[in-house]
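# What the coordinates show
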Amino acid sequence: MEEFANIFVAEEPVKADSKTVYDIVIIGAGPGGLTAGIYAGRSRLKTLIFERLSPGGQIAVSDEVDNYPGFPEGISGKELTDRMEKQAVRFGAKIVPDEVRKISKKDNLFELETASSGTIKCKSVIIATGADPVKLPVPEEEKFRGRGISYCATCDAAFFKDKIVAVVGGGDTAIADAIYLTKFAKKVIVVHRRDQLRAVKALQEEAFSNPKIEFQWNSVSEHVIGENKVEGLEVKNVKTGEKTVLKVDGIFVAIGTVPNSEIVKDIVEVDERGFIKTNQNRETSVSGIFAVGDVRDTPLRQVVTAAGDGAIAEFSAENYIKNLKLER
Amino acid sequence: MEKLLKEKDEKYIKELFESKLDGEVELVLFLQSEGGDKVTKFNSQYLPYTEEILRELTALSDKVKLTVYKDDKEKEKEYGVEQISALFVEGKNTNKNVIYYGIPSGHEFSSLLEDIIDASKGTTELSDKTKSELKRITSPTEILVFVTPSCPYCPRAVRTAHQMAMENNNIKGIMIEANEFPEWSQKYSVYAVPKIIINDKVQFEGALPEDAFLENVLKGAGKIILE
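In this report, we go over the structure that sits alongside the text. The written sequence of each chain sets the order in which its residues are numbered from 1. In the order they appear in the text, chains get letters beginning with A and ligands get numbers beginning with 1. Selection of residues for local features in this predicted model requires a pLDDT of at least 70, selection of side-chain atom pairs for listing and counting requires 80 or more, and totals for whole chains, interfaces and linings are taken over all residues.

## Looking at the overall build of chain B
Secondary structure elements are taken from DSSP: a helix is a run of H or I of four residues or more, a strand is a run of E of two residues or more, and numbering for both begins at the N terminus. Along the backbone of chain B there are 8 helices and 8 strands. Our radius of gyration looks at C-alpha atoms and nothing else; its globule reference is 2.2 Å times the residue count to the power 0.38. Relative to its length of 227 residues, chain B is compact, with a C-alpha radius of gyration of 17 Å against a globular reference of 17 Å. The principal-axis extent of the C-alpha atoms belonging to chain B is close to 55 × 40 × 35 Å. Counts of 20 or more other C-beta atoms within 10 Å of a residue's own C-beta define buried residues, counts of 12 or fewer define exposed ones, and intermediate counts define partly exposed ones; C-beta atoms are placed from the backbone. Here chain B, with 227 residues, has 50% of them falling under the buried criterion. Note on contacts: residues are paired as contacts if their backbone-placed C-beta atoms lie within 7 Å. Put simply, of all contacts in chain B between residues at least 6 apart along the chain, 76% involve residues at least 24 apart.

In structure tokens form, the structure reads like this:
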């Protein structure tokens, strides 16, 4: 997958106009937001997409995406989302590099307070803010974050050439990370709290047949050990209570996600973990606000499901706007 | 050496340069031969590729020129070259202060393309607020951005540092490809990228939005944050 020159030049950033009333504002330019942008553009709706970091979302750090239909050889997460971005821009979506900090509703108009574009008005909002990795639940996390604890295997694997690393987690991300890390590290220890993996079978088979990958089953992380950087991970066996120190130089963490729902969690209903509750139309508890992808209460968090959400939410938002007009 | 740029990429870049470039841009590349004081087992393998990719790139537009200084101590001194390879993007709004140490490959190749466009136009897309805040920096300020070519979050940090350097020539925006300079990386305990260090005083990891990045730069430059 490694490209010598990974070329993608973003369109010149667009400025949001505080005098325009947009039809749809999409917050977040991951697969869900970009797909909503493609559909909105084709519907010729006045659309903005706000992105506070860089487009692509979490999948942009995946070395290889093998379960998105249409790419039989697999595709890197970054290239896949670059293509989605180009497609959204092609149909007129405007991507603004800015952060939405507050949303309020007055009559049937939403007002979005942004970091540097002022207040933007729109008729409907699609929340596509995604999720962030859950932090390693040990007291030393903050101390060692960036000093051996990493949340991005593709970014940081190169610092662990011929070293021993741990991967904490047992899902798709963890196992894909473990496999990727074997290209650099001499040994990868997967630390998982259960006695079997949650990852898809195809990844499991690949991991089990990789001689560089070992498994530390039924184990949870208790402490990170080291002076100025990670030197070990203390794990506890949840069945026997036995504690073991794994001598590792790096710890890659993939134990789930926390939703980026702060800006709306006081307005729309969220579940106990903060994921936004939606119905089958991807509507939230506030009419005119929709949610897609990893930030919503969905049973499966994948590129393909986020993209599907984006299409449904745009369709629902469009209907919502039409009905607004009828009411007048 | 086999060509590094694919035909479709060359076509894309050619069209991009035709539509976006205005003034001339000079890419100034510093190299050393085997045995040079800055050649190590870590960077030596990348040097021929760095030269090749830049030759291929600069062949795509009359407005982008490549100057190579090899084993040129005087020129190294003039530009303040700290490591090899060093690449300076010189255009309307730069003054030996938009710098790449190590190969701009992988995701960083896009950073270089965008830098070339900005340097050619003499403008950046930073917000008006950022631009006016940057004017307050009146003493030399160095922003180091450690990256790996496979890090998709890194170009954002590199570009922000380089754009800031273009807006205020007191600022040096420096990309460092961590694989090629392990000692440099170790000096700053780089184990995760992007890692940003401002004047050896302020450091942070990860891609930050422009306003938060700016706040750190002002702090590193010893400026009190207004508001």
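## Section: the overall build of chain A
Secondary structure summary: chain A contains 7 helices and 17 strands in total. For chain A, whose C-alpha radius of gyration is 21 Å, the value lies close to the compact-globule estimate of 20 Å for 328 residues. In terms of overall dimensions, chain A has C-alpha extents of about 70 × 40 × 35 Å along its principal axes.

## A word on the interface of chain B and chain A
Counting from both sides, the interface comprises 33 residues of chain B and, opposite them, 31 residues of chain A. Breaking the side of chain B that touches chain A down by element, the ones donating at least two residues are α1 (7-20) and α4 (108-121) of chain B. With 4 residues, α4(B) is the largest single contributor of residues to the side of chain B that touches chain A. Note on residue categories: nonpolar means Ala, Val, Leu, Ile, Met, Phe, Trp, Tyr, Cys or Pro, charged means Asp, Glu, Lys or Arg, and polar means any other residue, Gly included. Of the residues that constitute the side of chain B that touches chain A, the class distribution is 16 nonpolar, 9 polar and 8 charged.

## Considering unusual backbone geometry
The bulk of non-glycine residues show a negative phi, and the bulk of peptide bonds are trans. In this structure, Ser85(B) follows Ile84(B) across a cis peptide bond, with omega equal to 0°. Mapping Ser85(B) onto the fold places it in the loop between α3 (73-79) and β3 (86-90). With an omega of -5°, the peptide bond between Val193(B) and Pro194(B) qualifies as cis. Locating Pro194(B) in the fold gives a position in the loop between α7 (182-187) and β7 (195-198). In this structure, Arg44(A) takes a positive phi of about 60° despite not being glycine. Here Arg44(A) lies in the loop between α1 (31-42) and β2 (47-50). Residue classification places Arg44(A) among the exposed positions, given that 10 C-beta atoms sit within 10 Å. Located in the positive-phi region is Asp200(B), a residue other than glycine, with phi close to 60°. Of the residues examined, Asp200(B) has 11 C-beta atoms within 10 Å and is grouped as exposed.

## Details of the sheet that holds strand β5 (residues 141-147) of chain B
Residues and elements named next belong to chain B. Taken in spatial order, the 8 strands of this open sheet run β2-β1-β3-β4-β6-β5-β7-β8, and their pairing is mixed. Taken across any chain shown, the strands that pair with only one partner, and hence form the sheet edges, are β2 (64-70) and β8 (202-205). Across this sheet, the average inter-strand angle for adjacent strands is 15°, counted without regard to direction. For β5 and strand β6 (residues 171-177), the ladder comprises 7 bridges, and the chain directions are parallel. By this definition, two strands are paired if DSSP reports at least two bridges between them. Only the stretch in contact is used when a helix axis is fitted, and all axes are lines through C-alpha atoms; the angle between N-to-C directions ranges over 0 to 180 degrees.

## Things to note about the pairing of β2(A)
Residue and element names in this part refer to chain A. Neither face of β2 is exposed, since Thr47 and Ile49 on one face and Leu48 and Phe50 on the opposite face are all buried. The sheet contact formed by strand β1 (residues 21-27) and β2 spans 4 bridges and is parallel. The partner of Ile24 across the bridge, within β2, is Thr47. We call a crossover right-handed when, viewed with the strands running away from us, the connection from the first strand over the helix to the second turns clockwise. Traced from β1 through α1 to β2, the parallel crossover comes out right-handed. With helix α2 (residues 77-90) bridging β2 and its parallel neighbour strand β3 (residues 94-96), the resulting β-α-β unit is right-handed.

## Focus on the nonpolar core
Within the largest apolar cluster, 166 residues are counted, with the highest numbers of intra-cluster contacts made by Val25(A), Ile126(A), Ile127(A), Val167(A), Ile251(A) and Val145(B). Here this core spans two domains, and each of domain 1 (21-132 + 257-327) and domain 2 (141-253) of chain A adds at least three residues to it. Setting aside its immediate chain neighbours within four residues, Val167(A) contacts Ala174(A), Asp177(A), Ala178(A), Leu181(A), Val188(A), Val190(A), Val191(A), Phe252(A) and Ala254(A). Working definition: the nonpolar core is a set of buried Ala, Val, Leu, Ile, Met, Phe, Trp, Tyr and Cys residues, joined through C-beta atoms within 7 Å. The domain boundaries here were taken from an automatic or database domain assignment.

## A look at the environment of Leu27(B)
Residue and element names in this part refer to chain B. Among the secondary structure elements, Leu27 is positioned in strand β1 (residues 25-31). Taking the C-alpha atoms as reference points, Leu27 and Glu90, 63 residues apart in sequence, are found 6.1 Å from one another. Contact partners of Leu27, with chain neighbours within four places excluded, come to Leu54, Thr58, Val64, Lys65, Leu66, Leu87 and Val89.

## Overview of the sheet that holds strand β13 (residues 232-237) of chain A
In any sheet, the strands associate via hydrogen bonds between backbone groups, in a parallel or an antiparallel arrangement. Residue and element names in this part refer to chain A. In spatial order, the strands read β12-β13-β14; together these 3 strands make up an open sheet with antiparallel pairing. Looking at strand neighbours, the two that pair on one side only are β12 (219-225) and β14 (243-246), the edges of this open sheet. Going across the sheet, the axis of each strand differs from the next one's by a mean of 30°, ignoring polarity.

## Description of the pairing of strand β4 (residues 98-101) of chain B
Residues and elements named next belong to chain B. The alternating pattern of β4 places Val98 and Tyr100 and Ile99 and Tyr101 on opposite faces, both of which are buried. Relative to β6, β4 runs parallel, the two sharing 4 bridges. Across the sheet, Tyr100 pairs through a bridge with Met175, a residue of β6.

## Describing the packing of α1(A) against α2(A)
Residues and elements named next belong to chain A. The interhelical angle for the contact between α1 and α2, taken along N-to-C directions, is 25°, at an axis separation of 8 Å. With respect to α2, the element α1 is oriented roughly parallel. The handedness of the crossing between α1 and α2 is left-handed. Between α1 and α2, the contacting residues are Pro31, Leu34, Thr35, Gly37, Ile38 and Gly41 on the first element and Thr81, Met84, Glu85, Gln87 and Ala88 on the second. Considered class by class, the residues forming the contact of α1 with α2 number 5 nonpolar, 5 polar and 1 charged. Any angle from 65 to 115 degrees is called roughly perpendicular, while one under 35 is roughly parallel, one over 145 is roughly antiparallel, and all others are oblique. Crossing handedness is defined as follows: a turn of the near helix away from the far one that is anticlockwise and smaller than a right angle gives a left-handed crossing, while the clockwise case is right-handed.

## Notes on helix α8 (residues 210-220) of chain B
Residue and element names in this part refer to chain B. Taken together, the buried positions of α8 are occupied by Glu210, Phe213, Leu214, Val217, Leu218 and Gly220. What you see down the axis of α8 is that its buried residues fit within an arc of 160°, all on one side. Buried positions along α8 lie against α5 (128-134), β5, α6 (154-167), β7 and β8. Comment: arc refers to directions from the helix axis out to C-beta atoms.

## Some details on the environment of Ala158(A)
Turning to its location among the elements, Ala158(A) is positioned in the loop between α4 (153-156) and β9 (164-168). For Ala158(A) and Leu181(A), which are 23 residues apart along the polypeptide, the C-alpha to C-alpha distance reads 8.6 Å. Discounting chain neighbours no more than four positions away, the residues touching Ala158(A) are Phe184(A), Thr148(B), Ala178(B) and Asn179(B).

## Observations concerning the packing of helix α5 (residues 172-181) of chain A against helix α6 (residues 201-208) of chain A
Residues and elements named next belong to chain A. Relative orientation of the contacting elements α5 and α6 amounts to 35°, with a least axis distance of 10 Å. Of the two elements, α5 crosses α6, and the hand of that crossing is left-handed. In contact with Asp172, Ile175, Ala176, Ala178 and Ile179 of α5, α6 contributes Leu203, Gln204, Glu206 and Ala207. Residues of the contact of α5 with α6, tallied by class, amount to 6 nonpolar, 1 polar and 2 charged.

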